[in-house]
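Spelled out from the first residue to the last, the chains are:
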Amino acid sequence: MTTTSGEAALFGILATLMVIAALGLLFAKRAVHAAMCVVFVMICLAILYVANEAPFLGIVQVVVYTGAVMMLFLFVLMLVGIDAADSLTETIKGQRWIGIVFGAGLLVVLVSVLASTDLPAAVGLEDANANTNPTGLAKILFGDYVIGMEVIGVLLVTAALAGLVLTHRQRLGARTTQRSMAAERVAALPEGRLLTPLPAPGVYAQNNAMDTPALGPDGQPLEHSVPRVLRIRGQQRTAAEVLGSEETLRSHLGLPAVGTALDDPQIPAIDEPSDHTSTEERD
Amino acid sequence: MAVTNYLILAAILFSIGATTVLLRRNAIIVFMGIELMLNATNLAFVTFARIHGDLTGQVLAFFVMVVAAAEVVVGLAIIVTIFRTRRSASVDDVNLLSR
């Protein structure tokens, strides 16, 4: 039995892409890229299974391999850290060259064996797949291989248990509860820690951003209402700056200046010192 | 096109997987190389099932898939445990016995 020209074209395209993606696994620096290459190879394999008259295995390949196994790999990559780079030091001397020689030798041996073998002409699976492919598979699986099937079930349960046992971690300290956290906060009060949550950043008439501090009831800007990271980076703005930029915008648009807000003695007078520092930092 | 081409593709994928296992030092990538080898054998199984007109090859490929899934669960759990204690996923760092 020879294949159709359509299948030959499909095989030609997919085989090229698969070999390139498999080489990507071999050469990719980052583990995530390697994982994506393997996912691609597995999806292409599923298509080839369907072309090889194994539609059930094609679907199982997508569900089990790309859906479950490779996603598990990606989860573990997230746990272990994506930046885990490959070390290039050779622990065993010349191991890299031995590996390359072994891989190339394996390829040569396998391909030459295949080339020299005179395989019989393909029979095809039309007869075996007469009652649809899953039915035919089920007849063999639950007939000839029923004990193997049971053993595989036991294996899966054992593997699930092993996964649980191996990743189980015993608790070292006491469990932190809401009550203990509250007690900790109260105990830290003398050291100057706040009992209440931090105030939210300022919300003004035309500005609502994380980098603008809120004003307290006394008109003073509350420094700790701006996130700590922005304060360390010097990216926080003052209320006066927000008003100033609003004024510039109004003058650009040709609108009359509000004026009164800036003339308000409270806000500029309070914000002036911090305003200076922030403009200096920006320059 | 002869059906043998599928077998040659399986051989190429198997060799690339084996080379990955030998060359890479990241345990997770080594594991993916093993998965690639298992997939290559599956392709060979499916192709042989077609050559002989017998579905047993596909049943065996199915068994390989189940075993691979179980193996991945245990293997990745071991990698995670090693990473927790040694802070590294490199196969070169697991050398406590040699010291």
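Residues numbered from 1 in each chain as written. Chains lettered and ligands numbered in written order. Predicted model: local features only at pLDDT ≥ 70, side-chain atom pairs only at ≥ 80, totals over all residues. Heavy atoms only, no water.

Draft legend 1. Representation of a nonpolar patch on the surface within the structure. There is a patch of nonpolar side chains on the surface, built from Met71, Leu72, Phe75 and Met78 of chain A and spanning about 380 Å² of accessible area. Of note, Leu72 of chain A is situated in helix H3 (residues 55-80). (Patch = residues over 30% accessible without salt bridge, like charges linked within 9 Å, V, L, I, M, F, W, Y side chains within 5 Å. Areas by Shrake-Rupley, 256 points an atom, 1.4 Å probe, with all protein chains shown as cover. Salt bridge = Lys/Arg side-chain N within 4 Å of Asp/Glu carboxyl O. Helix = DSSP H or I, 4+ residues; strand = E, 2+ residues; numbered from the N terminus.)

Draft legend 2. Layout of the nonpolar core. Counting 72 residues, the largest nonpolar core has Met70 and Phe73 of chain A together with Met32 of chain B as its most contacted members. When contributions to this core are tallied by element, the ones reaching two or more residues are helix H1 (5-27), helix H2 (31-51), H3 and helix H5 (133-141) of chain A together with helix H1 (4-23), helix H2 (27-52) and helix H3 (56-86) of chain B. Those residues within four positions of Met70 of chain A in sequence are excluded, and the remaining contacts are Ala35, Val38, Val39, Met42 and Tyr65 of chain A together with Met32 of chain B. (Core = buried A, V, L, I, M, F, W, Y, C linked by side-chain atoms within 4.5 Å. Buried < 20%, exposed > 50% of the residue type's maximum accessible area, 1.4 Å probe, protein only. Contact = heavy atoms within 4.5 Å.)

Draft legend 3. Highlighting the confidence of the model for chain B. Taken over all residues, the pLDDT of chain B has a mean of 89, while the share at 70 or more is 99%. Between the elements of chain B, mean pLDDT differs from a low of 90, seen in H3 of chain B, to a high of 94, seen in H1 of chain B. (pLDDT = per-residue confidence, 0-100.)

Draft legend 4. View of unusual backbone geometry. All names here are of chain A. The backbone phi angle of Glu53 is positive, close to 65°, even though this residue is not glycine. Along the chain, Glu53 falls in the loop between H2 and H3. Although it is not a glycine, Thr132 adopts a positive phi angle of roughly 65°. Position of Thr132 among the secondary structure elements: in the loop between helix H4 (95-116) and H5.

Draft legend 5. How the structure looks around the packing of aromatic side chains. For the structure on display, the rule yields 4 aromatic pairs over all chains. Ring geometry for Phe11 of chain A against Tyr6 of chain B: centres 4.8 Å apart, planes inclined by 70°, an arrangement best described as edge-to-face. You can see Phe11 of chain A sitting in helix H1 and its partner Tyr6 of chain B sitting in helix H1, one on each of two chains. Here the aromatic rings of Phe73 of chain A and Phe31 of chain B are separated by 5.8 Å at their centres, their planes lie at 75°, and the arrangement is edge-to-face. One end of the pair, Phe73 of chain A, is in helix H3; the other, Phe31 of chain B, is in helix H2, on a second chain. (Phe/Tyr/Trp six-rings, centres within 6.5 Å; stacked < 30°, edge-to-face > 60°.)

Draft legend 6. Up close: the packing of H4 of chain A against H1 of chain B. Where H4 of chain A meets H1 of chain B, the axes come as close as 9 Å, and the angle between the chain directions of the two elements is 165°. With respect to each other, H4 of chain A and H1 of chain B are oriented roughly antiparallel. When the axes of H4 of chain A and H1 of chain B are compared, the crossing they make is right-handed. Facing Gln95, Arg96, Gly99, Ile100, Phe102, Gly103, Leu106, Leu107, Leu110, Val111 and Leu114 of chain A of H4 of chain A, the residues of H1 of chain B in contact are Thr4, Leu7, Ile8, Ala11, Ile12, Phe14, Ser15, Ala18, Thr19, Leu22 and Leu23 of chain B. (Axes fitted to C-alpha atoms, helices over the stretch in contact; angles between N-to-C directions. Parallel < 35°, antiparallel > 145°, perpendicular 65-115°, else oblique. Left-handed = near helix turned anticlockwise from the far one by under 90°.)

Draft legend 7. Looking closely at the interface of chain B and chain A. Listed per partner, the contact involves 68 residues of chain B and 85 residues of chain A. When the two sides are added together, the surface that chain B and chain A hide from each other amounts to roughly 7,000 Å², 76% of it contributed by carbon and sulfur. Linking chain B with chain A are 2 salt bridges, by the criterion used here. Viewed at the interface, chain A and chain B are joined by 15 residue pairs in polar contact (both at pLDDT 80 or more). When residues of the side of chain B that touches chain A are traced back to their parent elements, those giving at least two are H1, H2 and H3 of chain B. Counting residues per element, the side of chain B that touches chain A draws most heavily on H3 of chain B, at 22 residues. (Buried area = accessible area lost by both parts, 1.4 Å probe. Polar contact = N/O pair within 3.5 Å; in protein donor to acceptor, adjacent residues only side chain to side chain.)

Draft legend 8. Inspection of the pattern of salt bridges at higher detail. Scanning the model with the defined rule gives 3 salt bridges over all chains in all. Put simply, Glu7 of chain A and Arg50 of chain B hold a salt bridge, and the shortest N to O gap is 3.0 Å. Taken as a pair, Glu7 of chain A in helix H1 and Arg50 of chain B in helix H2 lie in two separate chains rather than in one. Looking at Glu7 of chain A, the relative accessible area reads 10%, which means it is buried. The salt bridge involving Arg50 of chain B is made with Glu53 of chain A; its shortest N-O contact spans 3.2 Å. With Arg50 of chain B in helix H2 and Glu53 of chain A in the loop between H2 and H3, this pair bridges two chains.

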